[in-house]
Amino acid sequence: MAPVTLGGYPAKLCARLTHNEFAPGVPEPAPPRPELESLREAGIAFEGRVVDELRSLLGDTGRLLFIEDETGAEERQRRTVAAMKAGVEVIAGGRLPDVGGRRGLPDVLVRHQSGYLPVDIKNHRTVIAGKRAQVEVSPLSDPQHRLTVPGHSHRGARWHDDVMQLAHYTRMLQDLGFHPGVNHGGIVGSSDLTALVGQSLGVTWYDLDVENIVTYSSSDPTHRKARSALQRYDHEFAFRLDVATAAAAGRELVRPYRIRDCATCAWFDYCASVAGELDASFAIEVGHLTVREWQYLYRNCGDGAGLSVAQLAAVDTEAHLEAFRVQSVGKNLPGERLAKVVRRARMACEGVDFEAHQPGTPSVPAADIEVDFDIEWDDRGRIYQWGLRIREGQDDTTAGYQPVVSFDPLDDADEAELAAEFARRIQQLRDRAAREGKSLMVFHWDHPETSRTRRFTDVQQALAGITFDLRKWFDATYFARTSSSIKQVAASFGFRWEVDDPGGLVSLSAVENARGSGPLAEAARQWCLSYNECDVAAQAAIRDGLRRHRR
């Protein structure tokens, strides 16, 4: 059997994914969904932009070696090692030799003292506000020059995954003898660092020895221990290596559980089939528990062979609260998490999609003139579509879809012109409601319709006092078995979108196609319009469905 080697991702991902990659007989992963493919393509495009900027800044100075993707693996590896031996300041597109069961392709290697530090390129933010924090950052034009900037933090939403991958490359460089002994790594992210380093793009640095990751500890009286990124990585990598080795030999060290990562995993359907249709974890669609939390429930509330939905629904939350809390590492309100997952299991057994938080039948918001409102924006954040669906009271036969939309590329003036037209239409409705002595309400699902549009003064004035966030109201009024996304809630009342793959990420690529010409562009324009029309119609369908539910 060939030696098992793992890349930079497994240590930060679900261990079952590693099993699936190495176990014989496991089917190929499913093709990525369109919205996930869009994210992947955006990441590739961002990486290309960063590398192009690096080449522009350093390419003519002799400080950068860029190794083309088309270079074969062995040649790419040879050139990387030769460049490190020669002391090249910055190496992009390199490949490290396999070592210690590891393989890796760090996006960038930056010389530091007598060795190299790994830097990866990620299409997400790396710097957030932090009053009592400070960050180390470097301009992309001089990644060796670090600045310490107070008032900012590098612990954004993705920092844990980032440092785990940097730890992987760090261990490789150490084993290969090309590490300087300073356990730091960097990320070039999408945060605009102009105010910090004078350039939009730069490196955010992480100290991989700082013990800032709280993990479970069986020996500590509190069952908690803070560990560094390298310590955490070493434990997780060693376990994944055992999982992969066992899987390649036809053995199984880990079973599938449904966790948050499953939402983007290409093996979700396969793992669900392995777990079985009665499996408790795969029946819970939101509010996912961690693997450690699930393991506790399966050991202590199941029948030895697993945990069914019915068994989960019957769990006495008070009896298990303290023991469950011990296993719930890094999570707030473990008692509430446990109570919610048990409640969702009960609702699944009863076939209930949602139920009121309080006894009784909540009244559904209504107005004499009801407007359902939804916006769409492109990958530059410009709003190209302001969807309006207007009806008289609750009579859906009177509803008409009236979008304000442009499929031309937008600049600031073009976007402001669309916003002004939307504001004018809302003001006309306000004037009409005042003349006729009628109430007017503009419904939207979640905050973007107000948070993203408040930069337009005329829109803010037109909407003042008449908007209603339906999702905020729904979450405050009802407990949902599944997600309270508009897609899930509307589906509870039989509403269906009339387009394939409805979703905001898909719409980002659709509008780019819509800005072209020919049959493909026309089809994309129709998709965008139909998708947005369904979004606003779904809001009315939810209100009408809730009224029927009350009756």
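Procedures and definitions
- Counting of residues starts from 1 at the beginning of each chain's written sequence and follows it residue by residue.
- Local features in this predicted model are restricted to residues whose pLDDT is 70 or higher, and side-chain atom pairs enter the listing and the counts only when it is 80 or higher, whereas totals over whole chains, interfaces and linings include all residues.
- The side-chain quantities take in all heavy atoms of the structure and omit both hydrogens and water.
- A pair of strands is treated as paired once DSSP finds two or more bridges between them.
- Every helix listed is a DSSP run of H or I at least four residues long, and every strand listed is a run of E at least two residues long, numbered separately from the N terminus.
- UniProt positions are given in the numbering used here, feature names are shortened, and annotations may be inferred rather than shown by experiment.
- Between N-to-C directions, angles cover 0 to 180 degrees, with each direction set by a line fitted to C-alpha atoms, over the stretch in contact for helices.
- Between 65 and 115 degrees an angle is taken as roughly perpendicular, under 35 as roughly parallel, over 145 as roughly antiparallel, and anywhere else as oblique.
- Crossing handedness: left-handed means the near helix sits turned counterclockwise from the far one by under a right angle, and right-handed means the same turn made clockwise.
- Contacts are assigned to residue pairs that have any heavy atoms within 4.5 Å of one another.
- Three classes are used, and their members are as follows: Ala, Val, Leu, Ile, Met, Phe, Trp, Tyr, Cys and Pro are nonpolar, Asp, Glu, Lys and Arg are charged, and the others, Gly among them, are polar.
- Segmentation of the chain into domains, including their bounds, is taken from an automatic or database domain assignment.
- For any pair of parts, buried area is found by adding up, for both, the accessible area (1.4 Å probe) each one loses once the two are put together.
- Just to be clear on terms, a salt bridge is a Lys or Arg side-chain nitrogen sitting within 4 Å of an Asp or Glu carboxyl oxygen.
- To sort residues, take the accessible area from a 1.4 Å probe on protein chains only and compare it with the maximum for the residue type: under 20% means buried, over 50% means exposed, and anything in between is partly exposed.
- The directions considered for the arc are those from the helix axis to the C-beta atoms.
- Throughout, nonpolar core names a set of buried Ala, Val, Leu, Ile, Met, Phe, Trp, Tyr and Cys residues whose side chains join them through atoms within 4.5 Å.
- Only a pair of cysteine sulfur atoms within 2.5 Å qualifies as a disulfide here.
- Each Phe, Tyr or Trp ring (for Trp, its six-membered ring) is paired with any other whose centre lies within 6.5 Å, and the angle between the two planes then decides the class: stacked below 30 degrees, edge-to-face above 60, tilted in between.
- Here, over-ring charges are defined by two tests on the NZ atom of lysine or the CZ atom of arginine: distance to the ring centre within 6 Å, and angle to the ring normal within 35 degrees.

Here's the deal with the pairing of strand β16 (residues 395-401)
- Where strand β15 (residues 383-392) lies against β16, three bridges are found, and the strand directions are antiparallel. Bridging across to β16, Arg389 finds its partner in Tyr401.
- Counted along the chain from β15 to the antiparallel partner β16, the turn is two residues long, and its residue Gly393 has a positive phi close to 55°.

Digging into the UniProt feature "domain: YprB ribonuclease H-like" (unreviewed entry) in the protein chain
- Within this structure's numbering, the places UniProt gives as "domain: YprB ribonuclease H-like" (unreviewed entry) are residues 373-544.
- Taken as a whole, residues 373-544 contains 51% helix and 20% strand, while its terminal C-alpha atoms sit 16 Å from one another.

What about the packing of helix α18 (residues 504-514) against helix α19 (residues 519-550)?
- The geometry of α18 relative to α19 is characterised by a closest axis approach of 8 Å and an angle of 140° between their N-to-C directions. Here α18 is positioned oblique relative to α19, judged by the angle of their axes. Classified by chirality, the crossing of α19 by α18 is left-handed. On α19, the residues that touch Gly504, Val506, Ser507, Ala510, Val511, Asn513 and Ala514 of α18 are Ala521, Ala524, Arg525, Trp527, Cys528 and Tyr531.
- In the contact of α18 with α19, the residues fall into nine nonpolar, three polar and one charged.

With respect to the domain arrangement of the protein chain
- For the protein chain, the assigned domains are domain 1 (1-30 + 213-254), domain 2 (31-207), domain 3 (274-352) and domain 4 (369-550).
- With both chains or domains summed, domain 2 and domain 4 bury close to 350 Å², and 76% of this area falls on carbon and sulfur atoms.
- Inspection of the region where domain 2 meets domain 4 yields zero salt bridges.
- Its residues assigned to classes, the side of domain 2 that touches domain 4 shows two nonpolar, one polar and one charged.

A few points about the pattern of salt bridges
- Taken as a whole, this structure holds 47 salt bridges when the rule is applied.
- Close ionic contact of Arg232 with Glu236 constitutes a salt bridge, the shortest N to O distance being 3.1 Å. Taken together, the positions of Arg232 and Glu236, both in helix α6 (residues 229-248) and four residues apart, correspond to about one turn of that helix.
- Judged by relative accessible area, Glu236 falls into the buried class, the value being 10%.
- The salt bridge partner of Glu370 is Arg391, with a shortest N-O separation of 2.9 Å. Of this pair, Glu370 sits in strand β14 (residues 369-377) while Arg391 sits in strand β15, and the two are 21 residues apart along the sequence. Arg391 carries the same exposure label as Glu370, and that label is buried.

Description of the sheet that holds strand β10 (residues 202-207)
- Taken together, eight strands build an open sheet; the order of strands is β1-β2-β5-β6-β9-β10-β7-β8 and the sheet is mixed. For this open sheet the edge positions go to β1 (64-66) and β8 (147-153), each flanked by a neighbour on one side alone. Recorded for the sheet is a direction-independent mean angle of 30° between the axes of neighbouring strands.
- The strands that helix α2 (residues 34-58) touches are β1, β2 (90-92), β5 (108-112), β6 (115-121) and β9 (184-188); relative to β1, the one it contacts most, it runs at about 140°.

Overview of helix α11 (residues 317-327)
- Listing the buried residues of α11 in full gives His320, Phe324, Val326 and Gln327. For α11, the arc enclosing every buried residue in end-on projection is 145°, short of the 170-degree limit, so these residues lie on one face.
- Buried residues in α11 make contact with β11 (211-216), β12 (224-228), α9 (291-301) and α12 (334-350).

Topic: the nonpolar core
- Among the nonpolar cores identified, the biggest contains 57 residues, and Trp386, Phe422, Ile426, Phe474 and Leu546 are the most heavily contacted of them.
- At nine residues, α19 tops the list of elements feeding residues into this core.
- Apart from residues no more than four positions distant in its own chain, Phe474 is found in contact with Phe354, Trp445, Ala480, Ser484, Val489 and Leu546.
- Leu289, Leu297, Leu312 and Val315 belong to the second-largest nonpolar core, a separate cluster that totals 20 residues.

Remarks on the state of the cysteines
- According to the stated counting rule, one finds zero disulfides in the structure shown.
- In this model Cys349 remains outside any disulfide bridge; the closest cysteine sulfur is found in Cys301, 14 Å from its own.
- On the accessibility criterion, Cys349 (46% relative accessible area) is partly exposed.
- Summary of cysteine pairing: Cys534 is not part of a disulfide, and the nearest cysteine sulfur, belonging to Cys528, is at 12 Å.
- For Cys534, a relative accessible area of 5% translates into the label buried.

Re the environment of Gln327
- Secondary-structure assignment places Gln327 in helix α11.
- For Gln327, a relative accessible area of 10% translates into the label buried.
- For the pair Gln327 and Ala521, spaced 194 residues apart in sequence, the C-alpha to C-alpha distance is 52 Å.
- Discounting chain neighbours no more than four positions away, the residues touching Gln327 are Tyr216, Arg292, Glu293 and Tyr296.

A look at the packing of aromatic side chains
- In total, this model carries 19 aromatic pairs according to the counting rule given.
- Where Trp386 meets Phe456, the ring centres are 5.9 Å apart and the plane angle is 65°; that geometry is what we call edge-to-face. With a gap of 70 residues between them, Trp386 in strand β15 and Phe456 in the loop between α14 (448-451) and α15 (457-463) connect regions that are remote in the sequence. Comparing Trp386 with Phe456, the two get one shared label, buried.
- Members of the aromatic cluster, each reached through a chain of ring pairs, are Phe354, Trp445, Trp473, Phe474, Tyr478 and Phe493.
- One residue, Arg452, lies across the ring of Trp377, its end atom 3.8 Å from the ring centre.
- The ring centre of Phe443 lies 3.8 Å from the NZ or CZ of Arg543, which sits over that ring.

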